Amino acid sequence: ADVMCPLLDLFNHQRGAGIEWRCSPTGIEFVAVHSHQKGQELFSNYGARPSADLLFSYGFCIYPNESDSVLVSLGCPASSAAADKRKTALFKLNHIPLTTKPGGGMIL
């Protein structure tokens, strides 16, 4: 569950940070799972979330964010020749991978 934790919410985010949040009836522990050097910054990991979720939930976003995506409607059935041409054109234009979604949309 997403909850605000005063002071612990002040840690900067880093995807893959070696931090575990441990909850118990007496409180929350923020535990580093590997050693750190004295004075080294500790990061929290807010998870692989799109920037809109990070901004809404935590008040920040990251760029570039590999979890960001955009749904694009092809305006035709996903299995049609027109859809194949449009997918190819979008890929060439943007040089980014495309994933077809049910109903004819794509995730860019």
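Higher on the page you've got the structure.
Quick summary incoming for the structure in this document. (Residues numbered from 1 in each chain as written. Predicted model: local features only at pLDDT ≥ 70, side-chain atom pairs only at ≥ 80, totals over all residues. Heavy atoms only, no water.)

On to the pairing of strand 1 (residues 19-24). Looking along a regular strand, one sees the side chains alternate between the two faces of the sheet. Direction of pairing for strand 1 relative to strand 2 (residues 27-32): antiparallel, over a ladder of six bridges. The residue bridging serine 24 from the neighbouring strand is glycine 27, located in strand 2. Once strand 1 ends, the chain turns through two residues before running back antiparallel as strand 2. (Pairing = 2+ DSSP bridges. Helix = DSSP H or I, 4+ residues; strand = E, 2+ residues; numbered from the N terminus.)

Enumeration over the complete set of coordinates arrives at five aromatic pairs. The interplanar angle of 45° and the centroid separation of 4.3 Å between the aromatic rings of phenylalanine 11 and phenylalanine 30 together place this pair among those described as tilted. One end of the pair, phenylalanine 11, is in the segment before strand 1; the other, phenylalanine 30, is in strand 2, with 19 residues separating them in the sequence. Residue phenylalanine 11 is classed as partly exposed on the basis of its relative accessible area, which comes to 24%. Plain terms: the ring middles of tyrosine 46 and tyrosine 58 are 4.3 Å apart, the flat faces sit at 50° to each other, and that makes the pair tilted. Pair noted here: tyrosine 46 is in the loop between strand 2 and helix 1 (51-58) and tyrosine 58 is in helix 1, with a separation of 12 residues, a long-range link. A residue is classified by how much of its surface remains accessible, and tyrosine 58, at 24% relative accessible area, is partly exposed. Taken together, the ring pairs in this structure connect Phe11, Trp21 and Phe30 into an aromatic cluster. (Phe/Tyr/Trp six-rings, centres within 6.5 Å; stacked < 30°, edge-to-face > 60°. Buried < 20%, exposed > 50% of the residue type's maximum accessible area, 1.4 Å probe, protein only.)

Attention now moves to the side chain of arginine 49. Looking at where arginine 49 falls in the secondary structure, it is placed in the loop between strand 2 and helix 1. A relative accessible area of 19% places arginine 49 in the buried class. Within the local environment of arginine 49, its side chain forms a polar contact with the backbone oxygen of tyrosine 46, the two atoms lying 2.9 Å apart. (Polar contact = N/O pair within 3.5 Å; in protein donor to acceptor, adjacent residues only side chain to side chain.)

In terms of nonpolar packing, the biggest core is built from five residues, these being Cys5, Leu8, Ala17, Ile19 and Phe30. When sequence neighbours within four positions are dropped, the list of residues in contact with alanine 17 reads Phe43, Ser44 and Asn45. (Core = buried A, V, L, I, M, F, W, Y, C linked by side-chain atoms within 4.5 Å. Contact = heavy atoms within 4.5 Å.)

With 22 residues separating them in the primary sequence, phenylalanine 30 and leucine 8 have C-alpha atoms 7.7 Å apart. Once residues within four sequence positions are removed from consideration, phenylalanine 30 is found in contact with Leu8, Phe11, Ile19, Glu20, Trp21, Phe43 and Ser44.

It is worth stressing that arrangement in space is one thing and function is another; only the former is reported here.
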